[in-house]
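# Commentary on secondary and tertiary structure
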Amino acid sequence: MSNIVDPLVGQIAARIRTERERRRWTLAQLADASGVSQAMISRIERGESSPTAVVLGKLSAAFQLSVASLLALAEGTEDDTDAVVGVRRRDDAAEWRDPATGYRRRQITSPHFPAEIAEIRLPAGARVPYPAAAFAFVRQVVWVLDGHLTFHDGDAVHELDAGDTIELGAPAERVFANTTDTACRYAVILTRGARP
């Protein structure tokens, strides 16, 4: 299923452009900082291409934001106070789907909540790597809800089953991998240590 028709893709495009312009970066500067080509960034900003989880990780790292922060900001604006409290129905929460792996991410909390919580569904056989810079300025816990997750934290590899958690330390290259033949569902809970 293509996610180009998903309204969240347009919101992500606008947020990436906003974050780039807020820093007064050119496309070339963002490309240098992220390792993502100018052409790809341009297509993403125009809403012509849906970024993969890996590309989002690289872009968020360049902005010194977590992927969760980038997606939460894409869903709403920092000025939006209507969604601060109250019930948020599952059907009202946007779900982003990685076009490369089928990885699905649903932001549980609004950008105003002091902790960011996301629910991730990682399909069988999927592998999503993130650069160390994507974990700067955050404290993070990964909590496996269903299935099995092989989690690479730098050189360490952790095999996590339902109910297991891992609290992450200093930024390192990390890989979320599902080496099984069934889906894995986990939650990512993070707090920001210092705002870039």
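Figured I'd write up the structure that's included with this text. (Residues numbered from 1 in each chain as written. Predicted model: local features only at pLDDT ≥ 70, side-chain atom pairs only at ≥ 80, totals over all residues. Heavy atoms only, no water.)

This brings us to the overall build of the chain. The number of helices and strands found in the chain is 5 helices and 10 strands. Within the span of the chain, comprising 196 residues, buried residues form 44% of the whole. In the chain, of all internal contacts separated by at least 6 residues, the share reaching a separation of at least 24 is 66%. (Helix = DSSP H or I, 4+ residues; strand = E, 2+ residues; numbered from the N terminus. Buried < 20%, exposed > 50% of the residue type's maximum accessible area, 1.4 Å probe, protein only. Contact = heavy atoms within 4.5 Å.)

Turning our eyes to something else, we now look at the sheet that holds strand β9 (residues 174–177). If you trace the 4 strands from one edge of the open sheet to the other, you get β4-β9-β6-β7, paired in antiparallel fashion. One side of each edge strand has no neighbouring strand; the edge strands of this open sheet are β4 (127–130) and β7 (156–161). Between one strand axis and the next, the sheet turns through 15° on average, direction left out of account. Note that strand β6 (residues 148–153) and β7 share 6 bridges and pair antiparallel. Among the inter-strand pairings, Thr 150 is bridged to a residue of β7, identified as Glu 159. (Pairing = 2+ DSSP bridges. Axes fitted to C-alpha atoms, helices over the stretch in contact; angles between N-to-C directions.)

Inside soluble globular proteins, nonpolar side chains tend to come together where they are buried. With 45 residues, the main nonpolar core has Ile 16, Tyr 103, Leu 122, Tyr 130, Leu 149, Phe 176 and Tyr 186 as its most contacted residues. For Tyr 103, the contacting residues outside a window of four places in its chain are Ala 53, Trp 96, Arg 97, Asp 98, Ile 120, Arg 121, Leu 122, Pro 123, Val 128, Tyr 130 and Tyr 186. (Core = buried A, V, L, I, M, F, W, Y, C linked by side-chain atoms within 4.5 Å.)

With that out of the way, let us pick up the packing of aromatic side chains. All told, the structure shown has 6 aromatic pairs when counted by the stated rule. For the pair Tyr 130 and Phe 135, a centre-to-centre distance of 6.2 Å together with 85° between the ring planes defines the contact as edge-to-face. Considered together, Tyr 130 and Phe 135 belong to a single accessibility category, that of buried residues. Each ring, one from Phe 151 and one from Phe 176, has its centre 4.9 Å from the other, and the planes form 65°; the classification is edge-to-face. Separated by 25 residues along the polypeptide, Phe 151 in strand β6 and Phe 176 in strand β9 bring together distant segments of the chain. Each member of the pair, Phe 151 together with Phe 176, is buried. A network of ring pairs unites the aromatic residues Tyr 130, Phe 135, Phe 151, Phe 176 and Tyr 186 as a single cluster. Sitting over the face of the ring of Trp 25, Arg 23 holds its NZ or CZ atom 5.9 Å from the ring centroid. Here Arg 174 stacks its cationic end above the ring of Phe 135, 4.6 Å away from the centre of that ring. (Phe/Tyr/Trp six-rings, centres within 6.5 Å; stacked < 30°, edge-to-face > 60°. Lys NZ or Arg CZ within 6 Å of the ring centre and 35° of its normal.)

Moving on, we get to the environment of Glu 119. Note that Glu 119 resides in strand β3 (residues 116–122). Judged by relative accessible area, which is 7%, Glu 119 ranks as buried. For Glu 119 and Val 144, which are 25 residues apart along the polypeptide, the C-alpha to C-alpha distance reads 9.8 Å. Beyond its immediate stretch of four places on either side in the chain, Glu 119 contacts Arg 90, Arg 104, Arg 105, Arg 106, Ile 108, Arg 185 and Tyr 186.

What follows concerns the pattern of salt bridges. The final tally for this structure, using the stated rule, is 12 salt bridges. Between Asp 146 and Arg 185 there is a salt bridge, and its shortest N-O distance comes to 2.7 Å. Taken as a pair, Asp 146 in strand β5 (residues 138–146) and Arg 185 in strand β10 (residues 184–192) lie far apart in primary sequence, 39 residues in all. Residue classification places Asp 146 among the partly exposed residues on the basis of a relative accessible area of 37%. Among the ionic contacts, a cluster of salt bridges with common partners joins Arg 106, Glu 119, Arg 121, Asp 146 and Arg 185. (Salt bridge = Lys/Arg side-chain N within 4 Å of Asp/Glu carboxyl O.)

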